[in-house]
Amino acid sequence: MSKKGRVFSGARPTGRQHLGNYLGAIRNYVTMQSQYDCVYCVVDLHALTTMETTRDLKQNTFEMAPDWLAAGIDPKESIVFVQSHVPQVTELYTILSMVSSLGKLTDLPTFKDKVRLQPNNVNLGLVGYPVLMTADIVLYKANFVPVGIDQAPHIEYARETVRSFNYRYNSTALIEPEMVVTTVPKVLGTDGQRKMGKSENNHIELALTPEETQKVVMTMVTDPQRLRRADPGNPDVCNVFSMHKTFSSPEEVEMINTECRRAGIGCVDCKKIYAKNLNANLAPFRERRAAFESNPGAIWDILHDGARRAREIAEATMVEVRAAVGLPE
Ligand code: SF4
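Residues numbered from 1 in each chain as written. Predicted model: local features only at pLDDT ≥ 70, side-chain atom pairs only at ≥ 80, totals over all residues. Heavy atoms only, no water.

## A few points about the packing of aromatic side chains
The description of an aromatic ring pair uses the distance of the two centres, along with the angle that the planes make with each other. With the rule as written, the count across this model stands at eight aromatic pairs. Note on phenylalanine 165 and tyrosine 169: the rings are 4.9 Å apart at their centroids and 55 degrees apart in plane angle, and the pair reads as tilted. Ring-pair connections join several aromatic residues into one group, and the members of that group are Phe8, Phe81 and Tyr140. One residue, lysine 114, lies across the ring of tyrosine 129, its end atom 5.6 Å from the ring centre. (Phe/Tyr/Trp six-rings, centres within 6.5 Å; stacked < 30°, edge-to-face > 60°. Lys NZ or Arg CZ within 6 Å of the ring centre and 35° of its normal.)

## A closer look at the site of the ligand
Close contacts around the ligand come from Thr222, Asp223, Arg226, Cys238, Val240, Phe241, Ile256, Cys260, Cys267 and Cys270, and that covers them all. Because more than half of its atoms lie within 2 Å of the grid, the ligand is assigned to the largest cavity. Class assignment for the residues of the shell around the ligand results in seven nonpolar, one polar and two charged. (Near = heavy atom within 4 Å. 1 Å grid on protein atoms, 1.4 Å probe; cavity = no way out; pocket = protein on both sides within 12 Å on 5 of 7 lines; lining within 4 Å. Sits in = over half its atoms within 2 Å of the grid points. Nonpolar A, V, L, I, M, F, W, Y, C, P; charged D, E, K, R; others polar.)

## Looking at helix H14 (residues 296-325)
Taking 1.5 Å of rise per residue, 30 residues should cover 44 Å, and H14 covers 41 Å from first to last C-alpha, within 8% of that figure. Positive backbone phi, approximately 95 degrees, marks glycine 326, located one or two places after H14. (Helix = DSSP H or I, 4+ residues; strand = E, 2+ residues; numbered from the N terminus. Expected span 1.5 Å × (residues − 1).)

## Quick notes on the domain arrangement of the protein
Quoted interface sizes are often the accessible area lost when the parts come together. Annotation of the protein at the domain level lists domain 1 (6-187 + 295-325) and domain 2 (210-290). A C-alpha centroid distance of 35 Å is found between domain 1 and domain 2. At the interface, ten residues of domain 1 touch eight residues of domain 2. If you sort the residues of domain 1 by the area they bury against domain 2, Leu19, Asp67 and Ala70 come out on top, with a joint share of 53%. Linking aspartate 67 and arginine 289 is a salt bridge whose minimum nitrogen-to-oxygen distance equals 2.4 Å. At the junction of domain 1 and domain 2, the tally comes to two residue pairs in polar contact (both at pLDDT 80 or more). Of all elements in the fold, only helix H1 (19-32) and helix H3 (57-71) reach the threshold of two or more residues within the side of domain 1 that touches domain 2. Per-element accounting of the side of domain 1 that touches domain 2 gives the leading share, five residues, to H3. (Domains from an automatic or database assignment. Contact = heavy atoms within 4.5 Å. Buried area = accessible area lost by both parts, 1.4 Å probe. Salt bridge = Lys/Arg side-chain N within 4 Å of Asp/Glu carboxyl O. Polar contact = N/O pair within 3.5 Å; in protein donor to acceptor, adjacent residues only side chain to side chain.)

## Concerning unusual backbone geometry
Positive phi is not limited to glycine here, since asparagine 201 has a value of about 55 degrees. Relative to the elements of secondary structure, asparagine 201 occurs in the loop between strand S5 (178-181) and helix H10 (210-218).

## A look at empty space enclosed by the protein
Tallying each qualifying case throughout the model produces one cavity of 30 Å³ or more. Of the pockets and cavities examined, the largest cavity occupies roughly 90 Å³. Along the wall of the largest cavity there are 13 residues; nearest its centre are Arg226, Cys238, Cys260, Cys267 and Cys270. Classifying every residue of the lining of the largest cavity by side-chain character gives nine nonpolar, two polar and two charged. (Points joined across faces, edges and corners; volume = space filled by probe spheres on them.)

## Focus on the nonpolar core
Among the nonpolar cores identified, the biggest contains 47 residues, and Leu19, Tyr40, Trp68, Ile204, Tyr274 and Leu278 are the most heavily contacted of them. Of all the elements, helix H13 (residues 267-293) adds the most residues to this core, at seven residues. Residues from two domains meet in this core; each of domain 1 (6-187 + 295-325) and domain 2 (210-290) gives at least three. If we ignore the near neighbours within four places in the chain, the residues touching leucine 278 are Leu19, Ile204, Thr213, Val217 and Phe247. If you look at the next biggest cluster of nonpolar residues, it comprises 42 residues, including Val39, Val89, Leu92 and Phe165. (Core = buried A, V, L, I, M, F, W, Y, C linked by side-chain atoms within 4.5 Å. Buried < 20%, exposed > 50% of the residue type's maximum accessible area, 1.4 Å probe, protein only.)

## Considering the pattern of salt bridges
Counted according to the given criterion, the structure contains 23 salt bridges. A salt bridge links arginine 159 to glutamate 176; the shortest N-O distance between them is 3.2 Å. A residue pair is termed long-range when its members are at least 10 positions apart, and arginine 159 in helix H9 (residues 152-168) and glutamate 176 in the loop between H9 and S5 qualify at 17 residues. For arginine 159, a relative accessible area of 23% gives the class partly exposed. We classify glutamate 176 as partly exposed; its relative accessible area is 31%. Taking the shortest distance from any N to any O, the salt bridge between aspartate 231 and arginine 228 comes out at 3.7 Å. Residue aspartate 231 is classed as buried on the basis of its relative accessible area, which comes to 16%. When salt bridges that share partners are traced, they join Arg16, Asp67, Glu205, Arg289 and Glu293 into one network.

See below:
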């Protein structure tokens with residue numbers, strides 16, 4: 001089957017991936033491979049904009065790969081690589097900076113959020129983040145970028161920047177990417193309140209053992225009104241129930257929905273069922289991950305081979321870009 005175009009997506013190097021990463025992005029990455037030429041990148045340069053220390057950067061970058069690969073991202077089918085292994089991205093970033101309006105960059109809601117979060121570290125890279133993101137996308141002539149709706153302003157910014165570049169240099173070298181809005185559910189953490197994330201320490205790592213997984217699941221916050229086993233619960237406000245919908249059978253979901261409301265099932269048993277189903281679903285992933293993890297050299301080979309293929313596309317784009325700008329050969 002011929003593919004519908006090229007997709008680019010980047011993820012920050014956050015180390016071992018968790019359930020929120022899997023349900024929110026990785027699962028979608030895997031599915032898209034059958035429809036698009038996919039370029040998946042660990043964006044280590046982006047991470048520098050908000051990092052206080054780079055001590056764990058290399059390790060966190062590396063540890064993304066076995067999770068991605070074990071989940072089904074096929075390095076023969078897709079290009080999987082590390083952003084900084086393709087230096088053309090920083091060259092394009094510099095060139096695009098010249099057609100980027102500082103006023104628009106500082107107006108973006110994400111920039112304002114970051115300023116609030118790190119008022120003592122408002123660095124130039126932070127302001128230029130959407131320009132680097134644009135360079136990431138257009139360097140590979142990606143047609144589509146899968147993003148959550150909160151990223152929409154960045155994609156619109158990328159499209160405007162492409163138009164500005166092509167207009168100023170009377171060029172067709174860069175193409176405007178389109179946004180593919182991914183309708184992934186917001187995955188809440190074990191606290192049942194905030195989005196699952198490592199920094200919130202409310203995550204369930206994919207690579208945990210079944211026993212460790214069960215232990216974390218048993219800490220999950222349930223319906224706060226259900227204080228005793230004999231109290232009827234409300235699955236509609238319970239995050240454990242939401243997670244059941246992802247990994248349990250429709251019959252089990254139906255049973256819990258009914259029995260919880262009449263106190264026919266307790267939260268301990270309900271969580272045990274969830275942990276069992278989660279572990280069963282993750283078993284093949286964990287087996288593949290262990291195989292990858294036992295051979296770090298092979299993982300670096302995959303990442304370096306991905307970077308080599310990415311550089312080929314990147315350099316072809318840069319030949320056109322340099323010519324359009326009029327830089328000496
Ligand atoms: S029985 Fe299950 S769905 Fe109901 S409140 Fe407890 S954990 Fe939530």
